[in-house]
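Here is what each chain is made of, one letter per residue.
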Amino acid sequence: MSFGLPHDASLDVPERYFTLENYDGGVARWCPSCGDFAVLSAVQRICRDAQVPTEKLAMVSGIGCSSRFPHYMHAYGFHGLHGRALPVACGVKARRPDLHVWVATGDGDCCSIGAGHWLHAARYNMDLVVMVFDNSVYGLTKKQTSPTTPRGLATNTHPEGAFLPPLNVAETTLGFPNVSFVARTVDWNPAHLYQTLQTAYRHRGTSFVHILQRCPTYTPNVFDAWRQNPERTLLLTHDDGVPADDAVRRIYKSRSEHDPRDIQEARRLAAMDERLAIGLLYRNPDAPVYDDRTVAGLDTTREQKLAAVERALDRFAI
Ligand code: SF4
């Protein structure tokens, strides 16, 4: 009897096995019940399940509560300037294509001061996972109106209530040229959060994940409509979409079969007000990936580069 072992009874034991503790970068200092904890936990589980070596992992962020993410992961980390997470991440990926690069950015960081980079990161479509933590407020700077603050919500910058229509992160991203992956999930459903981020991690290209993230300190009721009535959440299902296990399907009974190749329908679903569509909105695996260009010449030696410059200049010798 072999008990499922190979005939030579050898065991395929990996040299290193990474546990959740291996990805733990220390005690996270977010407010109690902050949704950022759920995202951190999901990312650590994905890395553990994929057995990503910690030295092959880079976490990049801008400024904001969620941008403290790199401090709490045991990996390479870059806590950048406000709004600048995406160009830093693209630079890291261009020079170190072997790294798995994750970006933590918020609604303020990504969609306000970083908005120009948001558009161009989508266009370059480098192989990154971009988590946009949307808590509808600037939390780190203590309740200022952000681009996604709902109309009428009183903040410290608009005590009478925000008055501009809020920006819809997923819908806007779907309008960018060469965008290849847009999904939406919520931090209060850990199973769907995990499955969405895992699907993003497996996509080659820039995977934008719009995460509705609870901020119990400054916007405690902003997602009540969705949290208190799961019927108002529309679960997107498809063989090529985010897998939804039984636990997720039990909660979200309103479902829609959505082909993630259909960008027009993706935009309609992302823009809906009456219902919150979660799952994979759009994926185009054939969109050009800029990494294919930036890897060229990475193994060129200094001598080879100098010789190439000499050859180029010799063409203009007189
Ligand atoms: Fe989280 Fe809000 Fe506290 Fe920031 S202010 S850590 S987003 S609960």
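Residues numbered from 1 in each chain as written. Predicted model: local features only at pLDDT ≥ 70, side-chain atom pairs only at ≥ 80, totals over all residues. Heavy atoms only, no water.

## Side note on helix H4 (residues 115-124)
Spelled out, the test is: Accessible area is worked out with a 1.4 Å probe on protein chains only. A residue is then buried under 20% of its type maximum, exposed over 50%, and partly exposed in between. Only DSSP runs of H or I reaching four residues or more are called helices, and only runs of E reaching two or more are called strands; each is numbered from the N terminus. The arc in question is traced by the directions running from the helix axis to the C-beta atoms. We call two residues in contact when some of their heavy atoms are within 4.5 Å.
Buried within H4 are the following residues: Trp118, Ala121 and Ala122. For H4, the buried positions fall inside an angular range of 100 degrees around the axis, keeping them on one side. Packing partners of the buried residues in H4 comprise helix H2 (85-95), helix H3 (107-113), helix H5 (169-173) and strand E6 (206-212). Downstream of H4 by a residue or two, Asn125 has a phi angle that is positive, lying close to 55 degrees.

## With respect to the pattern of salt bridges
In plain terms, the rule: What makes a salt bridge here is a side-chain nitrogen of Lys or Arg within 4 Å of a carboxyl oxygen of Asp or Glu, nothing more.
One pass over the full model with this rule turns up eight salt bridges. For Asp98, the salt bridge is made with Lys56, and the minimal N-O distance between the two is 2.7 Å. In this pair, Asp98 is assigned in the loop between H2 and strand E3 (100-106) and Lys56 in the loop between helix H1 (36-50) and strand E1 (57-61), connecting sequence segments 42 residues apart. A relative accessible area of 33% means that Asp98 is categorised as partly exposed.

## Here's the deal with the environment of Ile113
With respect to the secondary-structure elements, Ile113 resides in helix H3. For Ile113, a relative accessible area of 41% corresponds to the partly exposed category. What Ile113 contacts, discounting residues up to four positions off in sequence, is His82, Gly83, Arg84 and Gly108.

## Overview of the site of the ligand
Quick reminder of the rule: Each residue is tested against the molecule or strand, and it is near if at least one of its non-hydrogen atoms lies within 4 Å. The residue classification treats Ala, Val, Leu, Ile, Met, Phe, Trp, Tyr, Cys and Pro as nonpolar and Asp, Glu, Lys and Arg as charged. All others, Gly included, are polar.
Near the ligand, the surroundings consist of Trp30, Cys31, Cys34, Cys65, Asn135, Gln213, Cys215, Pro216, Thr217 and Tyr218. In terms of residue class, the shell around the ligand is built from seven nonpolar, three polar and no charged.

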